[in-house]
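Geometric and topological summary
Now for the letters of each chain:
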Amino acid sequence: MFGQQVLDLIFPSRVLFGIGTRGRVGSLAGELSSGRSALILTDRNLEKMGFIKEIREHLEEAGFRGEVFSEIEAEPQEETVLRVAEHVRSLKPDIIIGVGGGSVLDMGKTASVMATNPGDPLEYFGAPLMPAKRSPERRGAPKILIPTTAGTASEVTQFAVIIDRDRRTKKVLSSPYAMADLALVDPSLTSSMPPRLTAGCGMDALSHAIEGYMSLWSNPLTDSVSLEASRLIFENLRKAYYNGGDMMARYHMSLAASMAGMPLANARVVLGHSIAQVIGPRYGLPHGIACAMALPYAMRYNLPVLVEKFCRLAWYMGIELNGVKGRSAAVRVVEEVSNLAGELRIPLSLNELGIAREDLPEIAEDIMKYQPRPNNPRLLVKEDLKELLEDMWNGKII
Ligand SMILES: [Fe+2]
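Given the structure is predicted, the values throughout are model-derived calculations rather than measurements. (Residues numbered from 1 in each chain as written. Predicted model: local features only at pLDDT ≥ 70, side-chain atom pairs only at ≥ 80, totals over all residues. Heavy atoms only, no water.)

**Some remarks on empty space enclosed by the protein**
Spelled out, the test is: In the cavity and pocket records, a cavity denotes points on a 1 Å grid over the protein atoms alone where a 1.4 Å probe fits but cannot get out, a pocket denotes an open set with protein on both sides within 12 Å along at least 5 of 7 lines, and lining residues are residues with an atom within 4 Å of a point. Grid points are joined across faces, edges and corners, and a volume is the space filled by probe spheres set on the points. Each helix is a run of DSSP H or I of at least 4 residues and each strand a run of E of at least 2, with the numbering of both proceeding from the N terminus. Each residue gets one of three labels, nonpolar for Ala, Val, Leu, Ile, Met, Phe, Trp, Tyr, Cys and Pro, charged for Asp, Glu, Lys and Arg, and polar for the others, Gly among them. Where a domain begins and ends is set by an automatic assignment or by a domain database.
Applying the stated criterion across every chain, the model contains two cavities of 30 Å³ or more. Lining of the largest cavity is provided by 15 residues; of these, Pro147, Thr149, Ala150, Gly151 and Glu155 occupy positions nearest its centre. At three residues, the largest contribution of residues to the lining of the largest cavity is made by helix 8 (residues 247-266). Residue composition of the lining of the largest cavity, by class: six nonpolar, eight polar and one charged. Split by domain, the residues of the lining of the largest cavity number at least three in each of domain 1 (15-190) and domain 2 (195-394).

**Focus: the domain arrangement of the protein**
Cut-off, in case you're wondering: Two residues qualify as a contact provided that any one of their heavy atoms is within 4.5 Å of a heavy atom in the partner residue. Two parts placed together each lose some accessible area under a 1.4 Å probe, and the buried area is that loss summed for both. A pair is scored as a salt bridge if a Lys or Arg side-chain nitrogen falls within 4 Å of a carboxyl oxygen belonging to Asp or Glu.
One can read the domain layout of the protein as domain 1 (15-190) and domain 2 (195-394). Each of domain 1 and domain 2 was reduced to a C-alpha centroid, and the two centroids are 26 Å apart. Counting from both sides, the interface comprises 28 residues of domain 1 and, opposite them, 32 residues of domain 2. Together, the buried faces of domain 1 and domain 2 total about 2400 Å²; carbon and sulfur atoms form 63% of this surface. Considering only the side of domain 1, the residues that lose the most area to domain 2 are Phe17, Ala150 and Arg168, jointly responsible for 23% of the buried surface there. At the boundary of domain 1 with domain 2, the tally comes to one salt bridge. Across the pair Arg168 and Glu362 runs a salt bridge whose closest N-O atoms are separated by 2.9 Å.

**As for the environment of Val104**
Structurally, Val104 can be placed in helix 5 (residues 102-116). Measuring from C-alpha to C-alpha, the distance between Val104 and Glu73 comes to 7.9 Å, with 31 residues separating the pair along the chain.

**Regarding the packing of helix 9 (residues 271-283) against helix 13 (residues 360-370)**
Packed helices, taken two at a time, are described by the angle between their axes plus the distance between the axes. The line we're drawing: Between the N-to-C directions of two axes lies an angle of 0 to 180 degrees, each axis being a line fitted to C-alpha atoms and, for a helix, fitted only over the stretch in contact. The cut-offs work like this: below 35 degrees is roughly parallel, past 145 is roughly antiparallel, 65 to 115 is roughly perpendicular, and the gaps in between are oblique. A clockwise turn of the near helix away from the far one marks a right-handed crossing, whereas an anticlockwise turn of less than a right angle marks a left-handed crossing.
At a minimum axis distance of 10 Å, the contact between helix 9 and helix 13 shows a crossing angle of 125°. Regarding the angle of helix 9 to helix 13, the classification is oblique. The two elements helix 9 and helix 13 cross, and the hand of that crossing is right-handed. In this structure, helix 9 contributes Leu271, Ser274, Ile275, Val278, Ile279, Arg282 and Tyr283 to the contact, and helix 13 contributes Glu362, Ile363, Asp366 and Ile367. In terms of residue class, the contact of helix 9 with helix 13 is made up of seven nonpolar, one polar and three charged.

**Looking at the pairing of strand 4 (residues 95-100)**
The following threshold applies: The cut-offs for exposure are 20% and 50% of the maximum accessible area for each residue type, with area from a 1.4 Å probe on protein chains only; residues under the lower value are buried, those over the upper are exposed, and the others partly exposed. One requirement defines pairing of two strands: DSSP has to find at least two bridges between them.
Across the six residues that make up strand 4, a large majority, six, are buried. Bridge count for strand 2 (residues 37-41) against strand 4 is four bridges, and the pairing is parallel. Following the sheet pairing, Leu39 is matched in strand 4 by Ile96. The sheet contact formed by strand 4 and strand 5 (residues 143-147) spans five bridges and is parallel. Of the residues in strand 5, the one forming a bridge with Val99 is Ile146.

**Details of the sheet that holds strand 5**
Pairing in this open sheet of six strands is parallel, and the strands run 1-8-5-4-2-3 from one edge to the other. The open sheet terminates on both sides in strands that have one partner only, identified here as strand 1 (15-17) and strand 3 (65-69). Neighbouring strand axes in the sheet, compared pairwise and without regard to direction, differ in orientation by 20° on average. Across the sheet, helix 1 (residues 25-32) touches strand 1, strand 4, strand 5 and strand 8 (182-185), and the angle it forms with strand 5 is around 150°. Sheet contacts for helix 5: strand 2, strand 4 and strand 5; angle to strand 4, the most-contacted strand, approximately 170°.

**Thoughts on the coordination of the iron ion**
The condition is simple: Think of the donor list as every N, O and S atom within 2.8 Å of the metal, or within 3.2 Å for Na, K and Ca; water never makes the list, so a site can look incomplete. A four-donor site is classed as tetrahedral when every donor-metal-donor angle falls between 85 and 135 degrees; four donors are called square planar, and six octahedral, when trans pairs exceed 155 degrees and all remaining angles lie between 65 and 115, with any other arrangement labelled irregular.
Note on the iron ion: its protein donors are Asp204 (OD), His208 (NE2), His273 (NE2) and His287 (NE2). The metal-donor distances range over 2.2 Å. Coordination at the iron ion is irregular: its four donor atoms span angles of 81 to 167° at the metal. As a motif over one chain, the donors of the iron ion read D-x3-H-x64-H-x13-H. Placement of the pair is Asp204 in helix 6 (residues 195-214) and His287 in helix 10 (residues 287-302), with a sequence separation of 83 residues. Residue Asp204 shares its accessibility class with His287, and that shared class is buried.

**So, the pairing of strand 5**
Burial analysis of strand 5 places five of its five residues in the buried class, the great majority of the element. Residues Lys143, Leu145 and Pro147 line one face of strand 5 and the alternating positions Ile144 and Ile146 line the opposite face, and both faces are buried. Where strand 5 lies against strand 8, two bridges are found, and the strand directions are parallel. Note on strand 8: the bridge partner recorded for Leu145 is Ala183.

**Structural notes on the packing of aromatic side chains**
Which entries qualify depends on this criterion: For Phe, Tyr and Trp, rings pair up if their centres lie within 6.5 Å, where Trp contributes its six-membered ring, and each pair is then called stacked (planes under 30 degrees apart), edge-to-face (over 60) or tilted (otherwise). Counting as a charge over the ring demands two things of the Lys NZ or Arg CZ atom: a distance within 6 Å of the ring centre and an angle within 35 degrees of the ring normal.
Scanning all chains against the criterion turns up three aromatic pairs. With centroids separated by 5.1 Å and ring planes inclined at 85°, the aromatic side chains of Phe17 and Tyr251 adopt a geometry described as edge-to-face. In this pair, Phe17 is assigned in strand 1 and Tyr251 in helix 8, connecting sequence segments 234 residues apart. A ring pair is formed by Trp315 and Tyr316, whose centres lie 5.1 Å apart and whose planes are at 80°; its orientation type is edge-to-face. You can call Trp315 exposed: its relative accessible area is 64%. Look at Tyr316 and you get partly exposed, because its relative accessible area is 23%. Over the face of the ring belonging to Phe64 we find Arg36, whose NZ or CZ atom lies 5.7 Å from the ring centre. Here Arg378 stacks its cationic end above the ring of Tyr301, 3.9 Å away from the centre of that ring.

If you want it as structure tokens, here you go:
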């Protein structure tokens with residue numbers, strides 16, 4: 001209940017945001033470390049892009065030796081963590097620079113924590129009901145995180161997420177010691193994202209904003225950011241999707257994605273991410289697409305207890321209510337979110353993806369077991385979840 005709540009808010013120590021800010025990476029690294037070796041983490045595709053070479057040159061101009069490590073795949077597995085930890089522990093870099101999407105940035109945080117903390121790297125990852133065996137005791141090595149997508153907000157959160165193969169879900173390293181020392185957000189790095197990636201990442205950002213807004217752990221501070229981030233996404237995601245070269249749209253999408261990291265880090269996400277983190281690993285769906293599919297259904301599930309909040313959100317989403325009030329207005333909000341996803345060609349039914357109907361009870365079971373979310377405003381009840389998944393299979397949102 002708000003009013004009795006103790007607010008313990010997490011923010012990154014510094015965010016530098018703006019087109020062209022990547023050119024300052026060398027001098028900023030120099031402010032964070034007096035050492036000489038920099039480890040640049042990225043992935044194989046990005047390694048071929050000109051900006052990795054450029055970032056390396058900026059670091060070299062500032063006196064750092066920049067070594068590139070690009071063996072990071074999308075949706076990292078336990079092996080990725082072990083590989084990254086082994087590399088960072090043997091190289092002992094003075095500073096870590098992560099340049100990429102959420103997976104790369106999550107591994108940047110992992111590398112930083114493993115550089116200064118001992119033991120089995122996998123013991124630092126846990127699922128909500130099965131907390132990690134250990135939490136980092138020491139601040140990680142200095143790190144700068146530079147996103148090349150607009151969505152995950154990894155650059156401003158304390159989480160690193162990997163696939164838990166045994167349980168077919170995701171598990172998380174969560175620690176203030178994993179936060180970036182500097183989030184360097186240069187929206188021009190996102191301009192080469194193809195439409196499908198723009199859509200998935202943009203809807204992931206919207207999920208962070210709206211799920212954080214639905215969370216029982218939300219408060220006026222996180223809500224104000226959720227609402228404004230939602231407004232920016234509704235005003236700009238379509239533009240960025242249809243014209244990737246629209247730099248104003250890219251600018252505002254990057255801003256909205258990093259902003260939505262604030263409710264994500266503090267109010268945390270709810271049922272939408274629970275569904276996504278079960279169906280994503282199980283059927284090999286990218287995180288953003290799984291979140292986009294789940295969001296309208298999670299909103300519908302929570303609608304009965306959030307009518308007033310959804311009515312407030314309507315204004316930020318640019319919905320003309322024309323006197324429509326209460327539940328009907330809240331329903332319009334859910335419809336508008338699903339219209340946006342549909343327009344971005346995100347599948348809205350599990351059936352469309354070829355997922356077997358017989359899998360639904362097990363999916364409901366796994367959500368209850370591995371992704372329980374005590375901050376979801378409507379209690380997660382297995383029978384109700386099964387009904388929701390049934391509707392999700394049929395594509396029946398409202
Ligand atoms: Fe997410």
